[in-house]
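One letter stands for each residue in the lines below.
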Amino acid sequence: IESPPDAHPNVTFASGAVKGLCLPEVASCSAPNACAAGRVCLGLTGGSGVCAEDCGTAATVCTNNGKNCSQVTATDSVCTPAGSQTFGQLCSSSQLCAPNLTCLRATQQSPAGFCSQDCSATAPCPTTPAGAACTPLGTDNLCLFPCGQPGQTCPAGLTCQSAGTQSFCLAP
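Residues numbered from 1 in each chain as written. Predicted model: local features only at pLDDT ≥ 70, side-chain atom pairs only at ≥ 80, totals over all residues. Heavy atoms only, no water.

Enquirer: Any chance you could explain the pattern of salt bridges here in plain terms?
Expert: It is possible for side chains of opposite charge to pair when their charged atoms get near one another. Tallied over the full model, the rule gives one salt bridge. Note that Glu53 and Lys67 form a salt bridge whose closest N and O atoms lie 3.6 Å from each other. Taken together, the residues span a long stretch of sequence, with Glu53 in strand 5 (residues 49-53) and Lys67 in the loop between helix 1 (60-63) and strand 6 (68-71) at a distance of 14 residues. On the basis of relative accessible area, Glu53 is assigned to the partly exposed category, the value being 22%. (Salt bridge = Lys/Arg side-chain N within 4 Å of Asp/Glu carboxyl O. Helix = DSSP H or I, 4+ residues; strand = E, 2+ residues; numbered from the N terminus. Buried < 20%, exposed > 50% of the residue type's maximum accessible area, 1.4 Å probe, protein only.)

Enquirer: Which parts of the structure should I look at to understand the sheet that holds strand 3 (residues 25-26)?
Expert: The strands that make up a sheet are held in pairs by hydrogen bonds between backbone atoms, and each pair lies either parallel or antiparallel. Here three strands make up an open sheet; going across it, the order is 3-5-4 and the pairing antiparallel. Edge positions in the open sheet fall to strand 3 and strand 4 (39-43), since each of these has one partner strand only. When strand 4 meets strand 5, the two strands line up antiparallel, connected through five bridges. The residue of strand 5 that forms the bridge with Gly43 is Gly49. (Pairing = 2+ DSSP bridges.)

Enquirer: How do you make sense of the packing of aromatic side chains when you look at a structure like this?
Expert: The geometry of an aromatic ring pair is captured by the separation of the ring centres together with the interplanar angle, meaning the angle of the planes. This model, assessed by the stated rule, comprises two aromatic pairs. Where Phe87 meets Phe145, the ring centres are 5.5 Å apart and the plane angle is 40°; that geometry is what we call tilted. Of the two residues, Phe87 is situated in the loop between strand 7 (77-80) and strand 8 (90-92) and Phe145 in the loop between strand 12 (140-144) and strand 13 (159-163); the sequence distance between them amounts to 58 residues. (Phe/Tyr/Trp six-rings, centres within 6.5 Å; stacked < 30°, edge-to-face > 60°.)

Such coordinate-based values are descriptive only and should not be taken to indicate function.
Have a look at this one:
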């Protein structure tokens, strides 16, 4: 995360991003209560930080306001701008997912991913594009597109890639 030197830096969450957020800057994230309640301090280059809206315990803080809840560090999730890419479409720092979707990348360094969402027995994956399955991924269940078996195809722009013992459709 980088910012220009002014009182409310415009923080972009990925190099080349087309949208950012203007956030209040604080001198240091190490100060107790550096940010107001409901906000988390994100460190900037140079030692200062910005106070971003915390959504680590409830993504609806963001999604009810037309934003996305995005994990930006190993322990912090904050509200970030939303775009118009729909479920199963390619996403990147310049093509943002619509609210309630997350850009799922093969690795954190991957330049692109596809728009996915959380799922469960009571909140199944969308049926368009076809083929998504609710799949455990770490501590979450996300909609992924399995591939590699007869009859399984990837949505436009995605390719079948091996991920351990299974194969999934991912951005190239």
